[in-house]
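Residue-level structural notes
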Amino acid sequence: LVVLPDTEASDAAVLATRLFTAVADRGEALALPLTISIGCTELLADDTTESLLHRADLALYASKDTGRNRFAIDAEPRPGLPPASSRTPQLPAGP
């Protein structure tokens, strides 16, 4: 669990991409196929700890359901917002 105070989902997506890159680089160094799945959500005004963690958990499973090396943001649909999107970051090309 990573908590990023005062961070919007778009900034968390940047961090997620950096984590994917670090994991992939370490996997290459170890000659192992390492992957990571991440679920992200933002704290809402009426959130409880349980509701926040529930949405993060749903987002994690949304990313796992669509493959490896992905992240999903806000898996629980809310009025006026689009459903979760699962993304695969673009990793830098290797040598």
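Residues numbered from 1 in each chain as written. Predicted model: local features only at pLDDT ≥ 70, side-chain atom pairs only at ≥ 80, totals over all residues. Heavy atoms only, no water.

Considerations on the overall build of the protein chain
The line we're drawing: By the criteria applied, helices consist of DSSP H or I runs no shorter than four residues and strands consist of E runs no shorter than two, each listed in order from the N terminus. Each residue is assigned to one of three classes by its accessible area relative to the maximum for its type, calculated with a 1.4 Å probe on protein chains only: buried under 20%, partly exposed between the two thresholds, exposed over 50%. The criterion used for residue contact is that any of the two residues' heavy atoms lie within 4.5 Å. Here the accessible surface of atoms and residues is derived via Shrake-Rupley with a 1.4 Å probe, and residues count as covered only by protein chains that are part of the display.
Secondary structure summary: the protein chain contains 2 helices and 3 strands in total. Mapped in sequence order, the helices and strands of the protein chain form the string α-β-α-β-β. Expressed as a percentage of the 95 residues in the protein chain, the buried residues total 24%. Contacts in the protein chain between residues far apart in sequence, at least 24 positions, make up 40% of those at least 6 positions apart. Per element, the accessible surface of the protein chain, about 6600 Å² overall, is 57% carbon and sulfur.

Structural notes on the confidence of the model for the protein chain
For the record, the criterion: Per residue, pLDDT measures the predictor's confidence, with a range of 0 to 100.
Across the protein chain, the average pLDDT comes to 79, with 78% of residues at 70 or higher. Long-range and interchain partners of residues 81-88, a stretch whose pLDDT sits below 50, account for 20 contacts in this model, where long-range means more than four residues apart.

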